[in-house]
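One-letter residues, chain by chain:
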Amino acid sequence: MLIRHRMQAALLARATALTLACAAVAACAGPSQTPSATPVLPDTRTITAWIAEIEAQGIRRPGWAADDWTEQWAAAKFREWGLQDVLLDPIAVERHEEQHWSLTVWPVGAPEHATEIPSWPIPLSANADHLEGELVLSPTLDDVKPGSIAVVEYPLMVMDQKTLRDDVARWHHDPDNEFETLQQVLPMGERFQKVMDPEIAAGAIGYIGILDFPWDDNRYYVPYDAKPRSAPGLYLSRSAGDRLLAMMRDGPVHARIEHHSERRRATSHNVLAALPGRSDEWIMIGSHHDGPWHSAVEDASGVALVMAQARYWAQVPESQRPHNLLFLLNGGHMSGGAGLHHMVDSRREFLQSDVVAAIHLEHAALEATVVDGRLVPTDKPEPRWWFTSYIPQLEDIVATAVCKQDLRRSLMMPPYGWPRPQAKHPPTDAAYFFSTTPVVSLLAAPMYLFDPADRMNMVDVQALEPISRAVIDMVVALDGVSAAELRAAEYLPGSEDRRPPDAQDCGA
Ligand SMILES: [Zn+2]
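Residues numbered from 1 in each chain as written. Predicted model: local features only at pLDDT ≥ 70, side-chain atom pairs only at ≥ 80, totals over all residues.

1. As for the overall build of the protein
- A tally of regular secondary structure across the protein gives 12 helices and 19 strands.
- Relative to the 2.2 N^0.38 estimate, which gives 23 Å for 508 residues, the radius of gyration of the protein is 24 Å and therefore close to what a compact globule would have.
- With the principal axes as the frame, the protein shows a C-alpha extent of 80 × 55 × 40 Å.
- Buried residues in the protein amount to 50% of all 508 residues.
- When contacts within the protein are restricted to residue pairs at least 6 apart in sequence, long-range pairs at least 24 apart make up 81% of them. (Helix = DSSP H or I, 4+ residues; strand = E, 2+ residues; numbered from the N terminus. Rg over C-alpha atoms; globule rule 2.2 N^0.38 Å. Buried ≥ 20, exposed ≤ 12 C-beta atoms within 10 Å, placed from the backbone. Contact = placed C-beta atoms within 7 Å.)

Printed below as a string of structure tokens:
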């Protein structure tokens, strides 16, 4: 039996009827379990086909059929490739589905001039039957009129990459010096998940958010923190918002909001699978399998990167795997990070003591631009953020791997203190692992991450193999490194004269 010690106890405690412990079932052993002499990394075409197969299933929110399919698909592949202890570990998630909604507006005193403005219901905002109120443009919270419906223009954050490079990142790889002038539009506004909360707290009975985005759409799948809001909210596209604002400039406007979305508890799963290695300790390689839409980048691409690692390492003889390998596909990312929370809560001791490092892979993403109001991909990668624990050896391992594969537009980002000084962890699906485990968390944050435009054309196909090779290099470089040794080397930023990683200029 491969899975031992604390991981065994943790896994078995959670085992369900769905669980298959292949290691204990002779029938699971097949030809694919026989390690080949020269392990082959799945090629770009294969990894891309996995992403396409996943995203073609449909909207992959927690509790939706396409997400359930993805769990089964991944588990079947793990078994087919001879991985052991394949587990579908149940987690409780919030299943969310918008059903019908509308925004009807008319000049005060003239209901005969009522007109409908196209809108989209803000996820987790409250349902409403004929909620009526005066629309009040509320650029600041002081403008919110209690009892009214607040109208707010909501922009995305724009990040100056030069500032990020110079003031936030502790290492970067940007041989073309693009960060000097590059501006990145992030998929989040300054309020992150709390888009409409301040206006509601200030007494507004409803919220209209005009998405002041570079492109023209109203389907923005934020918030996704699984917390129901007490008032209804609707998003408007920039063009629909302009229509409404023009009307409001002509005089006071009254509105009626209808909103019915279904929210209910559902069961999703984290998918786990293992390969034995030559140490008693573990390297965890993960991502999350759900997303807001078809979501090719978010995170069908992450799933496919994890699958590529599983396929590769399954061919490597046990005696040549540096550590045991645990492959993890979290569920419920779009439900408050339910899978991540569950993993940490159910296996804290294992994560704290037995895992050498967690490598989490999110988003092989192309940078997009906007043409005629629509999102279209460019041929450049979105900047790659490598959130890395403050451990010199780990930093060197990441920098060396990024250099070797020439993964341009890379930044080594801090594990805490960003994007806000008080942040205790980075905004990734690996967030809470940082408090238990040395972590490398790859994340790209394209502006379309929560938009239905995240389809196959947004995937950075050219990066799939290089990222995969970089991860293999990282695993290999952790050979002979113990969980205790890596943790003992963790330093506090600014507390000492830290040298930059060895591969500062990639040997240039
Ligand atoms: Zn993701």
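2. Considerations on the environment of Pro-426
- You can see Pro-426 is positioned in the loop between strand 18 (410-413) and strand 19 (439-444).
- In this structure the C-alpha to C-alpha distance between Pro-426 and Tyr-416, which are 10 residues apart in sequence, comes to 5.8 Å.
- The residues contacting Pro-426, other than those within four sequence positions of it, are Phe-387, Met-413, Pro-415, Ala-431 and Ser-441.

3. Remarks on the pairing of strand 17 (residues 384-388)
- With five of five residues buried, strand 17 lies mostly within the body of the structure.
- Along strand 17, one buried face is formed by Arg-384, Trp-386 and Thr-388 and the opposite face, lined by Trp-385 and Phe-387, is buried too.
- Relative to strand 18, strand 17 runs parallel, the two being bridged by four bridges. Paired with Arg-384 across the two strands is Ser-410, which belongs to strand 18.
- The β-α-β motif built from strand 17, the intervening helix 10 (residues 392-404) and the parallel element strand 18 has right-handed crossover chirality.
- Pairing analysis gives five bridges linking strand 17 to strand 19, with the strands arranged antiparallel. If you follow Trp-385 over to strand 19, its bridge partner there is Leu-443. (Pairing = 2+ DSSP bridges. Right-handed = clockwise from strand over helix to strand, strands pointing away.)

4. Re the domain arrangement of the protein
- Segmenting the protein into domains produces domain 1 (59-94 + 265-488) and domain 2 (96-263).
- On a C-alpha basis, the centres of domain 1 and domain 2 stand 30 Å from each other.
- On the side of domain 2, 31 residues touch domain 1, which itself brings 33 residues to the contact.
- Residue assignment for the side of domain 1 that touches domain 2 shows that the elements contributing at least two residues are strand 16 (374-381), helix 10 and strand 18.
- Within the side of domain 1 that touches domain 2, the residues separate by chemical class into 22 nonpolar, four polar and seven charged. (Domains from an automatic or database assignment. Nonpolar A, V, L, I, M, F, W, Y, C, P; charged D, E, K, R; others polar.)

5. Some words on the nonpolar core
- Counting residues in each nonpolar core, the largest one holds 141 residues, and the members touching the most others are Phe-327 and Ala-357.
- In terms of residues, this core owes the most to one element, helix 7 (residues 296-314), which gives 12 residues.
- Residues lining this core come from more than one domain, with at least three contributed by each of domain 1 (59-94 + 265-488) and domain 2 (96-263).
- When neighbours within four sequence positions are excluded, Phe-327 is seen to be in contact with Phe-78, Leu-83, Leu-272, Ala-273, Ile-285, Val-306, Gln-309 and Ala-310. (Core = buried A, V, L, I, M, F, W, Y, C linked by C-beta atoms within 7 Å.)

6. Here we look at the pairing of strand 18
- Burial of the side chains of strand 18 extends over both faces: Ser-410 and Met-412 are buried on one face and Leu-411 and Met-413 on the other.
- Two strands pair when backbone bridges link them, and strand 7 (residues 171-173) and strand 18 are joined in this way by three bridges, in the antiparallel orientation. The residue of strand 18 that forms the bridge with His-172 is Leu-411.

7. Quick word on the confidence of the model for the protein
- This prediction gives the protein a mean pLDDT of 93; 90% of its residues lie at or above 70.
- Under a pLDDT of 50 for its full length, residues 12-32 has, in the predicted model, 26 contacts with residues more than four places off or in other chains. (pLDDT = per-residue confidence, 0-100.)

8. Concerning the environment of Pro-252
- With respect to the element layout, Pro-252 can be found in the loop between helix 6 (238-249) and strand 11 (253-275).
- Measuring from C-alpha to C-alpha, the distance between Pro-252 and Ala-484 comes to 65 Å, with 232 residues separating the pair along the chain.

9. Let's talk about helix 3 (residues 65-80)
- Taking 1.5 Å per residue, 16 residues should reach 22 Å; helix 3 reaches 22 Å between its end C-alpha atoms and fits that length.
- The set of residues buried in helix 3 consists of Asp-67, Asp-68, Thr-70, Ala-74, Ala-75 and Phe-78. Mapping the buried residues of helix 3 onto a view down its axis gives an arc of 155°, with all of them on the same face. Opposite the buried face of helix 3, by more than 90 degrees, sit the exposed residues Ala-65 and Ala-76. (Expected span 1.5 Å × (residues − 1). Arc of directions from axis to C-beta.)

10. Focus: unusual backbone geometry
- Val-222 connects to Pro-223 through a cis peptide bond whose omega is 10°.
- Checked against the element boundaries, Pro-223 lands in the loop between strand 9 (206-212) and strand 10 (233-236).
- Cis geometry marks the peptide bond from Trp-418 to Pro-419, where omega comes out at 5°.
- Turning to its location among the elements, Pro-419 is positioned in the loop between strand 18 and strand 19.
- Even without being a glycine, Asn-177 presents a positive backbone phi close to 55°.
- With respect to the helices and strands, the residue Asn-177 is situated in the loop between strand 7 and strand 8 (183-185).
- Residue Ala-226 is not a glycine yet carries a positive backbone phi of 65°.
- Given 22 C-beta atoms within a 10 Å radius, Ala-226 is considered buried.

11. Remarks on the packing of helix 2 (residues 44-55) against helix 11 (residues 461-477)
- Interhelical geometry of helix 2 versus helix 11 gives an angle of 110° and a closest axis separation of 9 Å. Between helix 2 and helix 11, the crossing angle belongs to the class labelled roughly perpendicular. Read as a crossing pair, helix 2 and helix 11 show a hand that is right-handed. Along its contact with helix 2, which presents Thr-44, Ile-47 and Thr-48, the element helix 11 presents Val-461, Leu-464 and Glu-465. (Axes fitted to C-alpha atoms, helices over the stretch in contact; angles between N-to-C directions. Parallel < 35°, antiparallel > 145°, perpendicular 65-115°, else oblique. Left-handed = near helix turned anticlockwise from the far one by under 90°.)

12. Describing helix 2
- In this model helix 2 runs 17 Å from its N-terminal to its C-terminal C-alpha over 12 residues, within 8% of the 16 Å that 1.5 Å per residue would give.
- Buried residues of helix 2: Ile-47, Trp-50, Ile-51, Ile-54 and Glu-55, and no others. Looking straight down helix 2, one finds that the buried residues subtend no more than 125° of arc, so they occupy a single side.
- Looking at the buried positions of helix 2, the neighbouring elements they touch are helix 3, helix 7 and helix 11.

13. Considerations on the packing of helix 10 against helix 11
- With their axes 9 Å apart at the nearest point, helix 10 and helix 11 run at an angle of 145° to one another. Crossing handedness for the pair helix 10 and helix 11: right-handed. Between helix 10 and helix 11, the residues in contact are Ile-397, Val-398, Ala-401, Val-402 and Lys-404 and Ala-470, Asp-473, Met-474 and Ala-477, respectively.
- Grouping the constituent residues of the contact of helix 10 with helix 11 by class yields seven nonpolar, no polar and two charged.

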